[in-house]
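# Secondary and tertiary structure notes
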Amino acid sequence: MQTIWMTYLVAASAASIIFAAATWRGRQPASAPSSAPRTTYPVAGSRHSVADPAASAAARDDVAGAVAVALARLAPIITSQFVKIDVAVRPGLRTQMRGHVLADTLEDLLAVVLRAAPASRLLVTAVAQGDHIDIGVTDDMPAADAALRQGQVRTLAERAAARGDALMVDVSPGEGTTMTLRLAAGAASA
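Naming follows an unreviewed UniProt entry, where the protein chain appears as Histidine kinase of Rhodopila globiformis.

The structure is reproduced here in structure tokens:
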């Protein structure tokens, strides 16, 4: 049991560092000015702002970028509910889905989890598995109802299936729920 917690702690620490570095790098001024105007949105609890989330995800077009955009969009909800989120996503994972579409999908998935209070902690992971990428969102709600959770993500699951992807829900009584979005890997990730 201690090995599992230590592995989780190391993965969460590494993900936090990667996420912080990616966020910091995204706030640095660009070397060449962009021709497109940049819209900024305030991040709750911060005196900084982020670039237009859809443009940012499309520019980075990877899973880590899409996760960062989705979390930035949901920052007011996350801070108002005091939810701690750990991210373990390796930069450079690419899917065949466009970055802004992936960010929208992840935002919808995370919003479902955040609305299903009283989750206090979330873990967002992404891992390449052969020709696909699994993006998981795990919450710590011990009394989740499997049928209710599957109903909450039915529309997302149908949209994923229409693209040839999948959304799976695994409710573990007393432990929490893991929702896994399985997407086709892009050329750079395979």
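Now that the structure has been shown, we can carry on.
On to the overall build of the protein chain. Helix and strand counts for the protein chain come out as 7 helices and 7 strands. Sequence-ordered secondary structure for the protein chain, helices as α and strands as β, is α-β-β-α-α-α-β-α-β-β-α-α-β-β. Of all 190 residues assigned to the protein chain, the portion counted as buried reaches 38%. Summed over its atoms, the accessible surface of the protein chain is roughly 10,700 Å², and 58% of this surface lies on carbon and sulfur atoms.

Evaluated as defined, the whole model comprises 8 salt bridges. Aspartate 104 is the partner of arginine 73 in a salt bridge, and the nearest nitrogen-oxygen pair spans 2.6 Å. Placement of arginine 73 in helix H3 (residues 63-73) and of aspartate 104 in helix H5 (residues 99-115) is noted, with a sequence separation of 31 residues between them. Overall, the relative accessible area of 22% leaves arginine 73 in the partly exposed class.

A word on the sheet that holds strand S3 (residues 84-89). Reading across from one edge, S3-S4-S5-S7-S6 is the order of the 5 strands in this open sheet, with mixed pairing throughout. Of all strands in the sheet, those with a lone pairing partner are S3 and strand S6 (166-172), marking the two edges. Neighbour-to-neighbour, the strand axes of this sheet turn through a mean angle of 15°, independent of strand direction. Sheet strands in contact with H3 are S3, strand S4 (121-129) and strand S5 (132-139), and its direction is about 165° off that of S3.

A separate point is the confidence of the model for the protein chain. As a note on interpretation, predicted positions should not be read in detail where pLDDT is low. The pLDDT averaged across the protein chain works out to 75; a share of 64% of its residues lies at or above 70. Overall, residues 24-50 carries pLDDT values under 50, and its contacts beyond four positions in sequence, including any with other chains, amount to 22 contacts. Per-residue pLDDT stays below 50 along residues 54-59; that stretch engages in 9 contacts with residues further than four places along the chain or on separate chains.

Looking now at H5. The terminal C-alpha atoms of H5 lie 24 Å apart, and with 17 residues this matches the ideal 24 Å at 1.5 Å per residue to within 8%. Along H5, the residues classified as buried are Gly99, Leu102, Ala103, Thr105, Leu106, Leu109, Leu110, Ala111, Val112, Val113 and Leu114.

What follows is about the nonpolar core. Grouped together as the largest cluster of nonpolar side chains are 43 residues, with contacts concentrated most on Val63 and Ile135. If one sorts the elements of this core by residue count, H5 sits on top with 9 residues.

All right, on to the side chain of aspartate 139 then. Along the chain, the position of aspartate 139 falls in strand S5. A distance of 2.8 Å separates polar atoms of two side chains, one belonging to aspartate 139 and the other to arginine 149.

As a further point, take the environment of alanine 147. Mapped onto the elements of the fold, alanine 147 is located in helix H6 (residues 146-152). Among the residues examined, alanine 147 registers a relative accessible area of 55% and is labelled exposed. C-alpha of alanine 147 to C-alpha of valine 169: the two residues are 22 residues apart in sequence and 9.6 Å apart in space.

Buried residues dominate S5, accounting for 7 of its 8 residues. With 8 bridges joining them, S4 and S5 adopt antiparallel strand pairing. Within S5, the residue paired with alanine 128 across the bridge is isoleucine 133. Count of turn residues in the S4/S5 antiparallel hairpin: 2 residues, of which glycine 130 carries a positive phi of about 70°. As paired elements, S5 and strand S7 (residues 176-184) share 7 bridges and run antiparallel to each other.

Here is what the cut-offs are and how they apply
Residues numbered from 1 in each chain as written. Predicted model: local features only at pLDDT ≥ 70, side-chain atom pairs only at ≥ 80, totals over all residues. Heavy atoms only, no water. Helix = DSSP H or I, 4+ residues; strand = E, 2+ residues; numbered from the N terminus. Buried < 20%, exposed > 50% of the residue type's maximum accessible area, 1.4 Å probe, protein only. Areas by Shrake-Rupley, 256 points an atom, 1.4 Å probe, with all protein chains shown as cover. Salt bridge = Lys/Arg side-chain N within 4 Å of Asp/Glu carboxyl O. Pairing = 2+ DSSP bridges. Axes fitted to C-alpha atoms, helices over the stretch in contact; angles between N-to-C directions. Contact = heavy atoms within 4.5 Å. pLDDT = per-residue confidence, 0-100. Expected span 1.5 Å × (residues − 1). Core = buried A, V, L, I, M, F, W, Y, C linked by side-chain atoms within 4.5 Å. Polar contact = N/O pair within 3.5 Å; in protein donor to acceptor, adjacent residues only side chain to side chain.

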